[in-house]
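These are the residues of each chain, in order.
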Protein chains: 2
Amino acid sequence: MKVLIVEDDPLHRSYLHEAVCAALPECDTVIEAENGTAGERLARDHKSAHIVMDLQMASRNGIEAARTIWKERPETRILFWSNYSDEAYVRGVSRIVPDGAAYGYVLKSASDERLKLALRSIFVESQCVIDREVRGLQQKSLGQTNGFTDSEYEILVDIALGLTDRAIARRRNLSLRSVQNRLQQLYDKLDVYQTAGDDHEDGRFNLRARAVTVALLRKLLNYSALERAETELQEWLESGR
Amino acid sequence: MKVLIVEDDPLHRSYLHEAVCAALPECDTVIEAENGTAGERLARDHKSAHIVMDLQMASRNGIEAARTIWKERPETRILFWSNYSDEAYVRGVSRIVPDGAAYGYVLKSASDERLKLALRSIFVESQCVIDREVRGLQQKSLGQTNGFTDSEYEILVDIALGLTDRAIARRRNLSLRSVQNRLQQLYDKLDVYQTAGDDHEDGRFNLRARAVTVALLRKLLNYSALERAETELQEWLESGR
DNA sequence: TCCGATGTTGCGGGTTCACGCAAGACGCGG
DNA sequence: CCGCGTCTTGCGTGAACCCGCAACATCGGA
């Protein structure tokens, strides 16, 4: 068995290397990449079927890399190993995993034991292993309760990018008013109307901008999600008119 | 000599521990804290004069912790050890360092050698050591050229928080129009007017929201800066009315 | 002292936003 | 087939925003 490790922090990389060797005696080769771009290339060259992938890397982040890798070989098994369990990451990952693919999501704070178990489950048993904490988010967000619909999430991203109502309407093929409707839903769910509702009507927020920060603070959005959205936007601007 | 390490990643913590022992033979005690809160407490209990501090930690980040530590003992020497050189961090740090205090800023990507040198310079020689890359940012941002004034930065934070023009005016004791002036300066510098100026006048941006994302993408802002700003805002809302 | 550079404020108007109201459009179980 | 909920759309209003124009302050030199 061959395992590819994609991780930009050298410390974590060598830790992973050890963990992989310890957990998988049947593994005879370990390859390392220190960013997403190199990861993609090595995965292609070695036809890797087993990958441990960091999210958030400088040059090309784990989600991007995983997407192109899975596009070429949907049967590849990928274990995501991340510092955070931001909803933005979780959503990003579950958006790109191919049907029936085996993958895992383990937090860096997990114990050695947890990590080794996950490695074996995914790479040997082809089972999905999702950290409990992450799993919680998934349920909440994909199930309706208390979570955000895709359409709400979509419009959140759009205003975060700084698009105008009209621009969003064109991009999403909606009428101006529908866009504004969705915005209100969003404002509702994000609970942007606060200032605790008390006293002076003054000191209000700019709902649009406020929504974005609240989303950021709640980790519905994060840097890498913004980054991805931004490049998508640029593509749309150029091609789609 | 006693050294306090504040860092939430166990791997990095033990790496630092080793590095400190290797670089500073005169160091007889190393204490470790795994978040900002614990770091503050230990610094107080041990009257620590030498601290290595991670930025971005889950519970209470390095800047917060450093601020309260320096408030109690301005002569404390702190070496910041961070993954990133975001302008937001650099600005955050240089905003809180007391006059004449010795401090350092080293990136995690630096070599062992660099780190050890920095440790010795700061803790033994009381010299400031700032990573070259970080230094560049500092110059650019504190010197006028191409950088952002404090007032511009301030208003950037305010719109990022989602404050309305009027609210900003009250908070900063300015007239409505002045606020809008500063906003325009900001829009200018952030180059928000683009869409490359070409073709259709349509497809414009919401300048306010766009400014925030552009700032985020350029790392003028980041999560922890937002977080700090948000708590400051809440304080202001409660007390200052 | 006067002058120009920079920063603050008021006024006015064109645009975009936020949102209530109401008319359709679609889907779904009865 | 009808009724009901959810989603979409149009219209209209009041507020907030973007910004050009112009009158003061301020402050550091010449």
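Everything numeric here is computed off the predicted structure, so don't read it as measured data. (Residues numbered from 1 in each chain as written. Chains lettered and ligands numbered in written order. Predicted model: local features only at pLDDT ≥ 70, side-chain atom pairs only at ≥ 80, totals over all residues. Heavy atoms only, no water.)

Moving on, we get to the relation of the copies chain A and chain B. For the pair chain A and chain B, the relating rotation is 180 degrees, the translation along its axis is 0.0 Å, and the fit reaches an RMSD of 0.1 Å. Such a turn and shift between the copies fits a two-fold axis. Judged by C-alpha distance, A:Ala209 is the residue of chain A that lies nearest the rotation axis, at 2.8 Å. Take the interface residues of chain A: 97% of them recur as interface residues in chain B, which is what a same-surface contact looks like. (Least-squares fit on C-alpha atoms with pLDDT ≥ 70 in both. Contact = heavy atoms within 4.5 Å.)

Here the focus is the protein's contact with DNA strand C. Not every one of the 17 residues close to DNA strand C is listed here, only the nearest: A:Thr164, A:Arg177, B:Ser178, B:Asn181 and B:Arg182. Counting only the atoms of DNA strand C that lie within 4 Å of the protein, the sugar and phosphate share comes to 62%. A distance of 3.1 Å separates a phosphate oxygen of DNA strand C from a polar atom in the side chain of A:Tyr187. Those elements that provide at least two residues to the surface near DNA strand C are helix H8 (165–172), helix H9 (176–190) and helix H10 (207–217) of chain A together with helix H9 (176–190) of chain B. At five residues, H9(A) tops the list of elements feeding residues into the surface near DNA strand C. (Near = heavy atom within 4 Å. Polar contact = N/O pair within 3.5 Å; in protein donor to acceptor, adjacent residues only side chain to side chain. Helix = DSSP H or I, 4+ residues; strand = E, 2+ residues; numbered from the N terminus.)

Between two aromatic rings, the relevant description is the distance of the centres plus the angle of the planes. Within the structure shown, the criterion is met by six aromatic pairs over all chains. Centre to centre, the rings of A:Trp70 and A:Tyr103 are 6.3 Å apart; their planes meet at 90 degrees, and the pair counts as edge-to-face. Here A:Trp70 is found in helix H3 (residues 62–72), whereas its partner A:Tyr103 is found in strand E5 (residues 103–107), with 33 residues between them in sequence. Given a relative accessible area of 3%, A:Trp70 falls into the buried group. What makes A:Tyr103 buried here is its relative accessible area of 8%. Grouped by ring-pair contacts, the aromatic residues A:Trp70, A:Phe80 and A:Tyr103 constitute a single cluster. Above the plane of the ring of B:Trp236 lies B:Arg171, whose end atom (NZ or CZ) is 5.6 Å from the centre. Lying across the ring of B:Phe205, B:Arg210 places its NZ or CZ 4.3 Å from the centre. (Phe/Tyr/Trp six-rings, centres within 6.5 Å; stacked < 30°, edge-to-face > 60°. Buried < 20%, exposed > 50% of the residue type's maximum accessible area, 1.4 Å probe, protein only. Lys NZ or Arg CZ within 6 Å of the ring centre and 35° of its normal.)

Residue and element names in this part refer to chain B. Counting buried positions over the five residues of strand E3 (residues 50–54) gives five, a clear majority of the element. Side chains His50, Val52 and Asp54 project from E3 onto one buried face, and the interleaved Ile51 and Met53 project onto a second face that is buried too. Where strand E1 (residues 2–6) meets E3, three bridges bridge the pair, whose relative direction is parallel. When the bridges of E3 are listed, isoleucine 5 appears paired with valine 52. When E3 meets strand E4 (residues 77–82), the two strands line up parallel, connected through five bridges. For histidine 50, the partnering residue across the bridge sits in E4 and is arginine 77. In this region the chain leaves E3, passes through helix H3 (residues 62–72) and returns to the parallel neighbour E4; the handedness of that crossover is right-handed. (Pairing = 2+ DSSP bridges. Right-handed = clockwise from strand over helix to strand, strands pointing away.)

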